Amino acid sequence: MTVLVIGIVASLYIAWSIGSNDVANSMGTSVAAESLSFRQAVIIAGILNFLGAVLVGSRVVNTVRKGIINPNFFADNPSLLVYGMISSLLAAAIWITLATYLRLPVSTTHSIVGAIVGFGLITVGITGIRWSVILFIVLSWIISPLFGALISFVIFSIIRSKVLSTETPLLSFKKIGPIFVALTGMILTLAVISIGMRNLNLRLPLHMTLGIALAVAGVSGWSGYLFLRRYRPTKMTQTEDVEELCKPLQAMSASYEAFAHGSNDVANAVGPVAAVFSIIATQSVKMKTTVPIWMLAVGGVGLVIGIATWGRRVMETIGRRITEITPIRGFAAEFSAATTVLLCSCLGLPVSTTHVSVGTVLGVGFARGVAALNLRVIRNIILSWLLTLPVAAGLSSLIFRIMVKIHP
């Protein structure tokens, strides 16, 4: 039981560090564009991250807890796997805390996966690592930011050509805005129903799920239409009016991304401790117990505390230093990132939300031209990404050796 308590404390620590670092992924652009204040961002991110973690987080948790290392290699000595998972939590958390102090938006997914591989290599060797799963995850790290960048590039290009470049930007935006509102409502509803209700042991047939999602899309789109129709110009130019109108839309997309973030990154905090819980409960490494809701809630609480206490540090890097962000550009980036991350969560892929978010901001920047990008900041971010895997692996190996000596 003492080991489980240590594991839960370690899980809370890494959840806090993830919240303090990765909150920038969902809220940095909204705060930078002044669509949300920092306090509003903390409240929204806290609530939506928690809901995403509890309702949609279990699939990715299962990938992290039993998909990276073959637990059967520890059948004769399950305690080694327990120590290894706790070491992974602590190693990843220490690296993320350091990165947050330096204001670097590192990948928390890279951190935990690298840490698990690190202790696995010194215990069961190369053969104990499920390299096919690692390859699958690594490919997702490459594909997901590219996919997110492509979506944001296309969305911003559409907005620029269909709205900003027209003679009547405000009128054009009133026509196209409800479509994005409807899409956001539909995709979020599909995710909550298809996976979230399954976690609560509730299932709906496909036609009912699609019907509810379409109904939510209709209500959302109609609400957006009514809101936009009643808007009267208040700014100097129509483009400024469009930017002002886009603030609520960006707040919605930020909420969407916060939910998606919680659904994916809670696995980084809960996955290893879920393995510890399963081993202690069954005295085996079979990982047959389901991930309890309370454990997802613990991870969600840690994310919220991290957001509230240290979240501001990394926000500025993603929201201000990569490229200039306005409400329209921020919406394009956030909507694209949230869609990409949520899709990966539904597939059980522990993608890097940092990579996706940076990729979507880059996509918006590329749509405006390379000159709009701060290449020096981008270089520093990429260097920190490259360091994450080896540093996390090395720390995990070191902590594991210390734990084994203290508790042989």
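Residues numbered from 1 in each chain as written. Predicted model: local features only at pLDDT ≥ 70, side-chain atom pairs only at ≥ 80, totals over all residues. Heavy atoms only, no water.

A. Representation of the environment of Gln250. Here Gln250 lies in helix H9 (residues 238-282). Spatially, the C-alpha atom of Gln250 lies 6.5 Å from that of Gly330, the residues being 80 residues apart in sequence. The contacts of Gln250, once residues within four sequence positions are left out, are Thr29, Ser30, Ala33, Ser35, Thr326, Pro327, Gly330, Phe331 and Glu334. (Helix = DSSP H or I, 4+ residues; strand = E, 2+ residues; numbered from the N terminus. Contact = heavy atoms within 4.5 Å.)

B. A look at a nonpolar patch on the surface. Where nonpolar side chains cluster on the molecular surface, the patch consists of Leu135, Leu139, Ile142, Ile143, Leu146, Phe147 and Leu343 and spans about 670 Å² of accessible area. Following the sequence through the fold, Leu146 ends up in helix H6 (residues 131-164). The class for Leu146 is exposed, based on a relative accessible area of 57%. (Patch = residues over 30% accessible without salt bridge, like charges linked within 9 Å, V, L, I, M, F, W, Y side chains within 5 Å. Areas by Shrake-Rupley, 256 points an atom, 1.4 Å probe, with all protein chains shown as cover. Salt bridge = Lys/Arg side-chain N within 4 Å of Asp/Glu carboxyl O. Buried < 20%, exposed > 50% of the residue type's maximum accessible area, 1.4 Å probe, protein only.)

C. Structural detail: the packing of aromatic side chains. Inspection of the entire model under this criterion finds six aromatic pairs. Their ring planes at 20° and their centres at 6.3 Å tell us that Tyr13 and Trp16 sit as a pair that is stacked. One end of the pair is Tyr13 and the other is Trp16, both in helix H1 (residues 2-32) and three residues apart, which spans about a single turn. The class for Tyr13 is partly exposed, based on a relative accessible area of 27%. (Phe/Tyr/Trp six-rings, centres within 6.5 Å; stacked < 30°, edge-to-face > 60°.)

D. Spatial organisation of the nonpolar core. Core analysis: the largest hydrophobic core is formed by 42 residues, its most contacted members being Ile14, Ile68, Ile69, Ile112, Val113, Ile116 and Phe119. When contributions to this core are tallied by element, the ones reaching two or more residues are H1, helix H4 (78-101), helix H5 (108-123), H6, H9, helix H10 (293-310) and helix H14 (375-406). With 10 residues, H4 is the largest single contributor of residues to this core. Judged by nonpolar contacts, the second largest core, of 28 residues, contains Ile159, Tyr231, Val242 and Val361. (Core = buried A, V, L, I, M, F, W, Y, C linked by side-chain atoms within 4.5 Å.)

E. Examining H14 more closely. If you check H14, its first and last C-alpha atoms are 46 Å apart, about what 32 residues at 1.5 Å a residue would give, namely 46 Å. Along H14, the sharpest kink reaches roughly 35°, centred on Thr388 and followed within four residues by the proline Pro390. (Expected span 1.5 Å × (residues − 1). Bend = angle between axes of the 7 residues up to and from the residue.)

F. Examining the pattern of salt bridges more closely. Within the structure shown, the criterion is met by one salt bridge. The partner of Lys247 in a salt bridge is Glu244, and the shortest N-O contact between them spans 3.5 Å. Placement of both Lys247 and Glu244 in helix H9 is noted, with a separation of three residues, approximately one turn of the helix. The exposure class assigned to Glu244 is partly exposed, which follows from its relative accessible area of 28%.

G. Inspection of H5 at higher detail. Taking 1.5 Å of rise per residue, 16 residues should cover 22 Å, and H5 covers 23 Å from first to last C-alpha, within 8% of that figure. Among the 16 residues that make up H5, 13 are buried, leaving the element largely enclosed by the rest of the structure. Within two residues after H5, Gly125 carries a phi angle of roughly 75°, on the positive side.

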